[in-house]
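Overview (structure and organization)
In case you want the letters, here they are:
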Amino acid sequence: MFGIFLMKGTSFVFRRCPALIGLLLLVCPATLSAQNMGMEREEYMSWDDFVEEYVYRVSEEDNEVENPQFPQWLEERYAEPFNLNTADREELLTLPFLNGEQVDSLLAYRHRHRTFQTLGELMFIPSLTYDDRRWLSLFVYAGDTLRMSAGLKEQLLKGRYEVETRWDVPFYRRAGFGIFSAADLQKYPNRAYLGGRVAGVLRYRYRWKDHLAYGLTLQQDAGEPFAPQGGDFLADYQSFYLFYRSSSRQPFSLWIGDYNVHIGQGLLLGHGLFAGKTQLAGVGPKGRTWVRPHTSTDENRFFRGAAGRLTLGRTGELLLFASYRCMDGRLDGDTVTSFKTDGYHRTVGDWEKRRTVDCLLAGGHVTVRKDNWQVGAGGMMARYSRIVWPPVRDYNRYYLRGRNAAGFQADYLYRGRRWTLAGEGAADRGLHPATSHTLKLDLSYRAVLTFQGRYVSPRYVAPFAETVMEAGRVQNETGLLAGGKFFILPKTETLAYVDVFRFPHTTYRAKGPSGGMDIYVQNTYTPSRRLGLSLRYHYKTKEQNVPGFEEMKEHSGSHRLRMQAAYAVGNLSLRLSADVAVAVRQTASPSVGKMLSGRASGKFGRRFSVSGFAAVFFTDDYASRLYAYEPQLRYAGGFPTFAYHGMRYCCVGQWKFSSAFEAGMRYGLLHYFNRDSIGSGTQRINSPTQNDISLQLRWVL
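Keep in mind that this is a model prediction, so the values were computed, not measured. For every chain, the first residue of its written sequence is number 1, and the numbers climb from 1 along that sequence. Only residues with pLDDT of at least 70 are given local features in this predicted model, and only at 80 or more are side-chain atom pairs given and counted; all residues enter the totals for whole chains, interfaces and linings. In computing side-chain properties, one takes all heavy atoms of the structure into account and sets aside hydrogens as well as water.

1. Some thoughts on the overall build of the protein
Applicable threshold: By definition, any uninterrupted DSSP run of H or I lasting at least four residues is a helix, any uninterrupted run of E lasting at least two residues is a strand, and each is numbered from the N terminus. The contact criterion used throughout is that any non-hydrogen atoms of two residues lie within 4.5 Å. Only the protein chains shown count as cover for residues, with accessible areas throughout obtained via the Shrake-Rupley method and a probe of 1.4 Å.
Along its length, the protein carries 12 helices and 31 strands. Residue pairs in contact within the protein that sit at least 24 positions apart in sequence constitute 63% of those at least 6 positions apart. Surface summary for the protein: the accessible area is close to 31300 Å², and the carbon and sulfur share equals 58%.

As structure tokens, this is what we get:
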């Protein structure tokens, strides 16, 4: 089976091999005797609390929806945690809230004491804060140290199987699902959706420890046709991955199918990166190069092909990768004017843009690593099947144009006794530069400072770059960030940063050079394990054109304040939040938004758990919109936007029939007080109320 995959390529498997899907979904779980690898887990918090405390905090920085890959990848890691007594440094560094010094402290403690008997011993590692220990408890456990060699048959059959399906059923009708006459459709073909109202996801996962894993994801968005034309099997989106890592003294790793690559600071390749300014200020630089299977339902940010990493002696590492993927693009004749990245194929117009341009990419990276330093260098080349040439505007004058993109980079990291310095320099095929450097100072266990400086040329072109900066793409920015984490008062943690940035060239909203500032402060007070209080303030401002006067600029920004109290006792927890947002412009009156929300969860025995969320919100307009985290079913993240006047309620229940079977249900309701409809265009709902239900079944062996 895998031989066919290697010879014909991933597109062959996705389009022409339904036997592979049937084999994975039916034969393996049904005919093989898998074993559930037992472990004693000590979780100091719930998954929902972690997402709200950590993932939501980073997601909120840009006032946009989070990178969908990150929560799903972390939740899969949560379902299959590391054994703290056998995990190596590279594995622990994949956890985004741990830095190199903390991981080294963990490994040093393990070396002195041979093993961790319980996670309570994490308290003896001074570099780990209270939050670090709580978060870490979700992703590690203190297991035995017995390492038994396993043959290929055992690796293929004795791991952990998981099959999960979820269906989202709406109790409303969007305009795209209306009834249209043939004449209307002939004149306006994009008014109607081609598929049904129900959305669905099917996942299959297999893992044997951290040495072998493969999986398949099928997704169908609402409005997309089922079993569409064009050679697809069943769903509109299919994703397959295979990962293998040898256990030899000179290990190598292999990824086949869909995967993500991140090198250095992400200036050249940063697919799958999830790193915000709060994470940079609190954790500092890592400077890691990693490849990760693409396991999420993100239909845009991934590579499709193969990647291999080979260990060279004790200090070297070589990474090679290649990708061939069909992408969505808007065409003008034979020219791509822009890429379509939302992944929706619901209308005739969407299908005309579907898989219109191919991208062939290849690259590599080599790393030399010692005890406290590492250096690396790499490059990549990409070629598109069509010429990419967006209509020329002042703000996009230096976007990707032509059929080729290429670049090279060099990165480094050095760890001193109380400081860490990491950085990267890169250049594109036109030798336009980009650079980013971060310095972290560990003044004491009570104060950690982080400084970052970055410069990216307005002409720099790297279509797969992703790094910590303010601009929407890695281009046209100079910035300086100063931040840190402080423990000045007892049981109090302060996380803060100030980021000053400037755009040397015209941006979408500002003609000519412009700039701005980003300020973030969060105080967390934890008087006991049961009670936690937090206060968060976030201010961001940018120079933008005055509406109607392009030659004039004004400062446009927002103030955001959140006060939250969390209380937990036994298997019950409660969080209450109050949010205020004020959108300000120099030439207009402020826009104000207010929201009160609460989230509660509880476990009743070992088989049933329930969680709920309720909010009431009032905003003047969309500019003062607010965000909050809602409890979700597994692998379904969500940070909805709240604007205008309304209320929101949702409830999630999960029931374990047995150790192998689990069912979940989620109901959500949104009602507006001052609107008669929701959305616009084909997404319009002719009602002030939107409610839906999601059903999920999981089978784990």
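2. Thoughts on the nonpolar core
What counts, and what does not: The set of buried Ala, Val, Leu, Ile, Met, Phe, Trp, Tyr and Cys residues whose side-chain atoms join them within 4.5 Å is what this entry labels a nonpolar core. A 1.4 Å probe rolled over the protein chains alone gives each residue an accessible area, and that area as a share of the maximum for its type sets the label: buried under 20%, exposed over 50%, partly exposed in between.
With 39 residues, the main nonpolar core has Tyr-259, Val-261, Leu-269, Phe-321, Tyr-384, Tyr-460 and Phe-464 as its most contacted residues. Listed by contribution, the elements that provide at least two residues to this core are β6 (237–245), β7 (252–262), β9 (303–312), β10 (316–327), β13 (357–369), β14 (373–388) and β20 (492–503). Top contributing element to this core by residue count: β14, with four residues.

3. As for the environment of Arg-166
So the rule is basically this: Here a polar contact means two N or O atoms within 3.5 Å. Within protein one must be a hydrogen donor candidate and the other an acceptor candidate, and residues neighboring in sequence count only if both atoms are side-chain atoms.
Tracing the backbone through its elements, the reader meets Arg-166 in strand β3 (residues 160–170). In this structure the C-alpha to C-alpha distance between Arg-166 and Gln-219, which are 53 residues apart in sequence, comes to 9.6 Å. Excluding its chain neighbours within four sequence positions, the residues that come into contact with Arg-166 are Ala-199, Gly-200, Val-201, Leu-633, Arg-634, Tyr-635, Ala-636, Leu-695 and Gln-696. Side-chain polar atoms of Arg-166 contact the side chain of Asp-168, separated by 3.5 Å.

4. Structural notes on the confidence of the model for the protein
Heads up, the condition is: pLDDT gives the predictor's per-residue confidence on a scale running from 0 to 100.
On average, the protein scores 87 in pLDDT, and the residues at 70 or more come to 90%. Throughout residues 1–38 the model reports pLDDT below 50, and contacts reaching past four residues in sequence, or to other chains, amount to 63 contacts. A low-confidence stretch, residues 62–66 (pLDDT under 50), is modelled with 16 contacts involving residues beyond four sequence positions or located in other chains.

5. A closer look at the side chain of Thr-347
In this structure, Thr-347 sits in the loop between β12 (335–339) and α12 (348–353). When sequence neighbours within four positions are dropped, the list of residues in contact with Thr-347 reads Asn-190, Ala-192, Tyr-193 and Leu-194.

6. What about the pattern of salt bridges?
The cut-off we apply is this: A side-chain nitrogen of Lys or Arg and a carboxyl oxygen of Asp or Glu constitute a salt bridge if their distance falls within 4 Å.
Enumeration over the complete set of coordinates arrives at 43 salt bridges. Of the charged contacts in the structure, one is a salt bridge between Asp-131 and Arg-134, with a shortest N-O distance of 2.9 Å. With Asp-131 and Arg-134 both in helix α8 (residues 130–136) and three residues apart, this pair spans about one turn of that helix. With a relative accessible area of 10%, Asp-131 lands in the buried category. Note that Arg-454 is salt-bridged to Glu-477, the shortest N-O span being 2.7 Å. Placement of the pair is Arg-454 in strand β18 (residues 447–456) and Glu-477 in strand β19 (residues 477–486), with a sequence separation of 23 residues. Of the two residues, Arg-454 and Glu-477, neither departs from the other in class, the shared state being buried. Residues participating in the shared-partner salt-bridge network are Asp-49, Glu-52, Glu-53, Asp-131, Arg-134, Arg-562, Arg-575, Asp-579 and Arg-599.

7. Comments concerning the pairing of β9
To keep it simple, the criterion reads: Strands were regarded as paired on the criterion that DSSP finds at least two bridges between them.
Sheet topology places β7 next to β9; eight bridges connect them, and they run antiparallel. The residue of β9 that forms the bridge with Ser-253 is Arg-309. One ladder, built from eight bridges, connects β9 with β10; its direction is antiparallel. Each bridged residue has a counterpart across the sheet, and for Leu-310 the counterpart in β10 is Leu-318.

8. Observations regarding unusual backbone geometry
The backbone phi angle of Asn-476 is positive, close to 60°, even though this residue is not glycine. Turning to its location among the elements, Asn-476 is positioned in the loop between β18 and β19.

9. Digging into the packing of aromatic side chains
Under the convention used in this document: Pairs were defined over the aromatic rings of Phe, Tyr and Trp, the Trp ring being its six-membered one, requiring ring centres within 6.5 Å. Orientation was assigned from the angle between planes: stacked under 30 degrees, edge-to-face over 60, tilted for the rest. In this scheme, the term charge over a ring applies when either NZ of a lysine or CZ of an arginine sits within 6 Å of the ring centre and within 35 degrees of the ring normal.
Overall, the coordinates contain 35 aromatic pairs when judged by the stated rule. Centre to centre, the rings of Tyr-244 and Phe-252 are 6.0 Å apart; their planes meet at 55°, and the pair counts as tilted. By relative accessible area, which is 26% here, Tyr-244 ends up partly exposed. Classification of Phe-252 by relative accessible area gives partly exposed; the value is 36%. The ring of Tyr-188 has Arg-191 lying over it, and the distance from NZ or CZ to the ring centre is 3.9 Å.

10. Points about helix α7 (residues 100–113)
Here is the rule we go by: Here a helix's expected span is defined as the number of its residues, less one, multiplied by 1.5 Å.
With 14 residues, α7 ought to run about 20 Å at 1.5 Å a step, and its terminal C-alpha atoms sit 20 Å apart, in line with that. Turning to α7, its buried residues number three or more, namely Gly-100, Glu-101, Gln-102, Val-103, Leu-106, Tyr-109 and Arg-110. Those residues of α7 that are buried are in contact with α6 (89–93), α8, β15 (402–415), β16 (419–428) and β17 (433–444). Of the residues flanking the start of α7, the one acting as N-cap is Asn-99, its side-chain oxygen 3.2 Å from the backbone nitrogen of Glu-101. In the segment just after α7, Arg-114 is the residue with positive phi, at about 70°.

11. Comments concerning the pairing of β20
Among the 12 residues that make up β20, nine are buried, leaving the element largely enclosed by the rest of the structure. Two strands pair when backbone bridges link them, and β19 and β20 are joined in this way by nine bridges, in the antiparallel orientation. Each residue of the ladder has a partner; that of Leu-480, found in β20, is Val-500. The hairpin turn running from β19 into β20, its antiparallel successor, is five residues long, and Lys-491 in that turn takes a positive phi close to 60°.

12. A few points about the environment of Asp-132
Residue position: Asp-132 is located in helix α8. Taking the relative accessible area as the measure of exposure, Asp-132 reaches 1% and is therefore buried. It is 7.2 Å that separates the C-alpha atoms of Asp-132 and Phe-97, two residues lying 35 residues apart in sequence. For Asp-132, the contacting residues outside a window of four places in its chain are Phe-97, Gln-102, Ser-127 and Lys-485. In this structure the side chain of Asp-132 is engaged in a polar contact, spanning 2.9 Å, whose partner is the side chain of Gln-102.

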